[in-house]
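Letter by letter, the chains look like this.
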Amino acid sequence: MPEPERPEGPGGYDPVGPRPHEAISPTGQGGAMDLALQEAESLEGTPGPAGTPGPREKARSLWSDAWHQLRRNPVFILSSLLILFLVVISIWPQLIASGDPLQCDLSKSQQGSSPGHPFGYDTQGCDVYTRTVYGARASITVGICATLGAALLGSALGGLAGFFGGWWDALLSRIADIFFGIPVVLGGLVFLSVVTSTTVWPVVGFIVLLGWPQIGRIARGSVITAKQNDYVQAARALGAGNGRMLLRHVAPNAVAPVIVVATIALGTYIALEATLSFLGVGLRPPTVSWGIDISNAAPQIRNAPHMLLYPAGALSLTVLAFIMLGDAVRDALDPKLR
């Protein structure tokens, strides 16, 4: 049935308004409606306040939005610069320390600061400044390698358990519970006491062995949440295989919590290495480690406190830097904290 004719005002203006299938068009009379339409058109291409994207601006992804926020976070900038400095001196310690950390002179035992030796000497007459600088190499190496190993192993096992579920999920969950029940320090005393190697790899292996269940549990929960999203169900309905869904759709959207936990855990692993070295079962001489120097300086804390102050301060500053970095990354990747 044809629509009834509607009255028109002067100049073709429809006083009743547009029909449901018609778009609002200018009246040509220069009235309030034309002014509102012009303002709406001009606002479409205008960015929103405080850097928020306008209607025509392309929306940022999770990672680009996180990077946009991290660049403006002073905690992230400060911790990143400090970590970069620590990584550089762990690779090239001779840039700021020209001495040999293993060259000692017993005649200078426990002497204080002197020209060219600002941190003084330890019990064996070794330069505390040089040993503090060279000690960063072992701690950074253990922290990075242990974090990568625990993150890869935990993400793989936890992700598979969360994606497939069933008996595989139940088996890995019970295995993780067994590792959770092992005290870290006691396990290190038992496991590393029978190792005779003086390299960092036994310590790295032990930390990975006891560190993957935490990251695995985070990865499992994140994958379970991601696989319930509509785009994963749509990919499954279109015939996508398990491998494609896991690698293309689930894993990229479940990796953010793993990165946050791994970043914070890196500082914890450095502190754990120093604790085990302090107890005599971690790194062993001639490896230069902050934990070894703290252990040697502890009995002389009253007579020569400088022996303990500088390696302990370097260790605390390193752990703090990685924890601050993890907190900044968590704030950027967690939408609930924005």
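Residues numbered from 1 in each chain as written. Predicted model: local features only at pLDDT ≥ 70, side-chain atom pairs only at ≥ 80, totals over all residues. Heavy atoms only, no water.

Student: Can you walk me through the overall build of the chain in this structure?
Tutor: When helices and strands are counted, the chain shows 12 helices and zero strands. Counting from the amino terminus, the chain carries its helices and strands in the arrangement α-α-α-α-α-α-α-α-α-α-α-α. Counting over 338 residues, the chain shows a buried share of 37%. If you take every contact in the chain between residues at least 6 apart in sequence, the share linking residues at least 24 apart comes to 63%. (Helix = DSSP H or I, 4+ residues; strand = E, 2+ residues; numbered from the N terminus. Buried < 20%, exposed > 50% of the residue type's maximum accessible area, 1.4 Å probe, protein only. Contact = heavy atoms within 4.5 Å.)

Student: Can you walk me through the state of the cysteines in this structure?
Tutor: When the sulfur atoms of two cysteines share a covalent bond, that bond is a disulfide. Within the structure shown, the criterion is met by one disulfide. Two residues, Cys104 and Cys126, share a disulfide whose sulfurs are 1.6 Å apart. In this structure the cystine formed by Cys104 and Cys126 twists about its S-S bond by roughly 65°; its chirality is therefore right-handed. A residue pair is termed long-range when its members are at least 10 positions apart, and Cys104 in the loop between helix H3 (74–91) and helix H4 (128–164) and Cys126 in the loop between H3 and H4 qualify at 22 residues. A relative accessible area of 38% means that Cys104 is categorised as partly exposed. (Disulfide = S-S within 2.5 Å.)

Student: Explain the nonpolar core to me, please; I cannot follow it from the model alone.
Tutor: Among soluble globular proteins, nonpolar side chains are generally buried collectively. With 29 residues, the main nonpolar core has Ile270, Leu315, Phe322 and Leu333 as its most contacted residues. Mapped onto this core, the elements with two or more residues apiece are helix H2 (62–70), H3, H4, helix H10 (256–278), helix H11 (290–297) and helix H12 (306–333). For this core, the element with the most residues is H12, which contributes 12 residues. Those residues in contact with Ile270, other than ones at most four positions away along the chain, are Ser139, Ile140, Gly143, Leu315, Thr318, Val319 and Phe322. Counting residues in hydrophobic clusters, the runner-up holds 25 residues, among them Ala138, Ala150, Val204 and Ala262. (Core = buried A, V, L, I, M, F, W, Y, C linked by side-chain atoms within 4.5 Å.)

Student: Help me out: how do you make sense of the environment of Tyr269 in this one?
Tutor: On the secondary structure map, Tyr269 appears in helix H10. What makes Tyr269 buried here is its relative accessible area of 6%.

Student: Can you walk me through a nonpolar patch on the surface in this structure?
Tutor: Taken together, the side chains of Val184, Val185, Leu186, Leu189, Val190, Phe278 and Leu279 make up a nonpolar region of the molecular surface, amounting to roughly 560 Å² of accessible area. The greatest single-element share of the nonpolar patch, amounting to five residues, is contributed by helix H6 (residues 184–192). Here Leu279 shows up in the loop between H10 and H11. Its relative accessible area of 40% is what places Leu279 among the partly exposed residues. (Patch = residues over 30% accessible without salt bridge, like charges linked within 9 Å, V, L, I, M, F, W, Y side chains within 5 Å. Areas by Shrake-Rupley, 256 points an atom, 1.4 Å probe, with all protein chains shown as cover. Salt bridge = Lys/Arg side-chain N within 4 Å of Asp/Glu carboxyl O.)

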